[in-house]
Amino acid sequence: MDSTASNVAEKEKIKAKLIELMEQNNIAYSLLECCGEDRLCVDFSGKENDCKRHFCKSGFIVQTGTNTVRKIYPHEILYIAIENRKSVLYLTDTEIKTNYSLEYWKRNLDEKIFVQPHSSYIVNLSYVSELTKDIVKVSSGKKEYRVYTSQRKIGAFRKALLTFDKYK
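Quick caveat: nothing in here was measured; it's all calculated off a predicted structure. (Residues numbered from 1 in each chain as written. Predicted model: local features only at pLDDT ≥ 70, side-chain atom pairs only at ≥ 80, totals over all residues. Heavy atoms only, no water.)

A. Molecular detail of the overall build of the chain. Scanning the chain from terminus to terminus reveals three helices and twelve strands. Looking at the chain alone, contacts between residues at least 24 apart form 38% of all its contacts between residues at least 6 apart. On the chain, roughly 10,700 Å² of surface is accessible, and the fraction owed to carbon and sulfur atoms is 49%. (Helix = DSSP H or I, 4+ residues; strand = E, 2+ residues; numbered from the N terminus. Contact = heavy atoms within 4.5 Å. Areas by Shrake-Rupley, 256 points an atom, 1.4 Å probe, with all protein chains shown as cover.)

Written out as structure tokens, the structure is:
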């Protein structure tokens, strides 16, 4: 058996074992090929959703310094802020300054999960712990951030938050 056939057989065994475990434990799931890439995406909602909603698909390569590049995934992003003409990604484990505009992030992130409470911020609704008329509290573990809201955007943000279902 050649190397390619061996890899395919091994992947099929892993997939079968994963399906068996999910079904034994009555876990709702969907297995999807991840945007044609050579890996699977597991969606625990049990619903077939568009590929943009699957976090493993949509990693971004960002330059974090003059010689440093890092791949980040949407589920790592707590919020994005514009500071000194650069977008700063506040991640679950660090902060990264990039040269991308806020418009770039708005185009490339799922608008049902990433919403603007202010023209200088995009917030991942999965991490919102509190909302007032002036502030959005974003929390992950022991980290807590305060993001400003604007009167013009707070209504749409509140509506998005109230209808947000992170398990969809």
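B. Layout of the pattern of salt bridges. With the rule as written, the count across this model stands at four salt bridges. Two residues, Arg70 and Asp93, come together in a salt bridge whose shortest N-O distance is 3.4 Å. With a gap of 23 residues between them, Arg70 in strand S4 (residues 69-72) and Asp93 in the loop between strand S6 (86-91) and strand S7 (95-98) connect regions that are remote in the sequence. With relative accessibility at 23%, the residue Arg70 sits in the partly exposed group. What makes Asp93 partly exposed here is its relative accessible area of 48%. Note that Glu103 and Lys106 form a salt bridge whose closest N and O atoms lie 3.1 Å from each other. In this pair, Glu103 and Lys106 are both assigned in helix H2 (residues 102-108), three residues apart and thus about one turn of the helix distant. (Salt bridge = Lys/Arg side-chain N within 4 Å of Asp/Glu carboxyl O. Buried < 20%, exposed > 50% of the residue type's maximum accessible area, 1.4 Å probe, protein only.)

C. A look at helix H3 (residues 151-163). Of all the residues in H3, the buried ones are Lys153, Ile154, Phe157 and Ala160. Down the axis of H3, the buried side of the element spans an arc of 135°, and every buried residue falls inside it. Away from the buried face of H3 by more than 90 degrees, exposed residues Gln151, Ala156, Lys159, Leu162 and Thr163 are located. For H3, the secondary structure elements touched by its buried residues are strand S8 (114-118), strand S9 (121-124), strand S10 (128-131) and strand S11 (135-140). (Arc of directions from axis to C-beta.)

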